[in-house]
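Examining the three-dimensional arrangement
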Amino acid sequence: MREVVVVDYDPNWPLVFEQLRARTWPAVQDVALSIEHVGSTSVPGLAAKPIIDISIVVPSQDVLPVVIERLTSLGYVHQGELGVEGREAFKAPPDLPVHNMYVCPAGSLGLINQIAVRDHLRRHPESAAAYARLKKALAEKFPADIDSYVEGKTDVVLAILRAEGLPTDKIAAIEAANRRPAQS
């Protein structure tokens, strides 16, 4: 069980992202399109788990073996999709600030979801404030249950994705990844 802790926004989060980006970009710049700061720490003012989420955007799955090799040389451990189609996860080296590293092909569901939510919350501070309140309440209610915490945010995330115009099939896939199967 991972402890669920949500803290107020830290203005150092973008600086930590930039440090991690600067360390990683030279290793992938010839095969990647960009490195994006995603997740709640990428939204100014939003309360979050104090873990920086980073997505390396690649043109296609074809370059994934090269990116895996290069990230491994930087101390990352490839963990696979971990249940999210179009998003390869990597465990970060222990000597770096706490972060999640992902590799996503451009246009993949894993990337579309992250960017749509991030950009919506950046443009709508009232939505970000409401989302922060929900995240804090869920962390208090489920301090040792990350699955319940994630599931508790799902309706808000889906509403954001609908507002951003994501197609119904993509929203359904994201919902399936974030909800536990019904107990029989």
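Given the structure is predicted, the values throughout are model-derived calculations rather than measurements.

1. Points about the pattern of salt bridges
Under the definition given, this model contains 5 salt bridges. Here Asp 30 makes a salt bridge to Arg 70, at a shortest N to O gap of 2.4 Å. Here Asp 30, found in the loop between helix H1 (13-28) and strand S1 (34-38), pairs with Arg 70, found in helix H2 (residues 64-73); they are 40 residues apart in sequence, far enough to count as distant. According to the relative accessible area criterion, Asp 30 is exposed, its value standing at 56%. Here the residues in one salt-bridge network are Glu 36, Arg 118 and Asp 119, joined through shared partners.

2. Concerning H2
What H2 keeps buried is the set Leu 64, Val 67, Ile 68 and Leu 71. Buried residues of H2 fall within an arc of 100° about the axis and therefore sit on the same side. Along H2, the residues that are exposed and aim more than 90 degrees away from the buried face are Pro 65, Glu 69 and Ser 73. The inward-facing, buried residues of H2 abut H1, strand S2 (52-58), strand S3 (77-80), strand S4 (88-91) and strand S5 (99-105). Positive backbone phi, at 100°, marks Gly 75, one or two positions downstream of H2.

3. Comments concerning helix H3 (residues 109-123)
If you check H3, its first and last C-alpha atoms are 21 Å apart, about what 15 residues at 1.5 Å a residue would give, namely 21 Å. Taking burial as the measure, the 15 residues of H3 include 11 buried ones, the bulk of the element. Restricting attention to buried positions, one finds in H3 the residues Leu 109, Gly 110, Leu 111, Asn 113, Gln 114, Ile 115, Ala 116, Val 117, Arg 118, His 120 and Leu 121. As for H3, its buried residues are in contact with S1, S2, S5, helix H4 (125-141), helix H5 (146-163) and helix H6 (168-178).

Criteria and cut-off values
Residues numbered from 1 in each chain as written. Predicted model: local features only at pLDDT ≥ 70, side-chain atom pairs only at ≥ 80, totals over all residues. Heavy atoms only, no water. Salt bridge = Lys/Arg side-chain N within 4 Å of Asp/Glu carboxyl O. Helix = DSSP H or I, 4+ residues; strand = E, 2+ residues; numbered from the N terminus. Buried < 20%, exposed > 50% of the residue type's maximum accessible area, 1.4 Å probe, protein only. Arc of directions from axis to C-beta. Contact = heavy atoms within 4.5 Å. Expected span 1.5 Å × (residues − 1).

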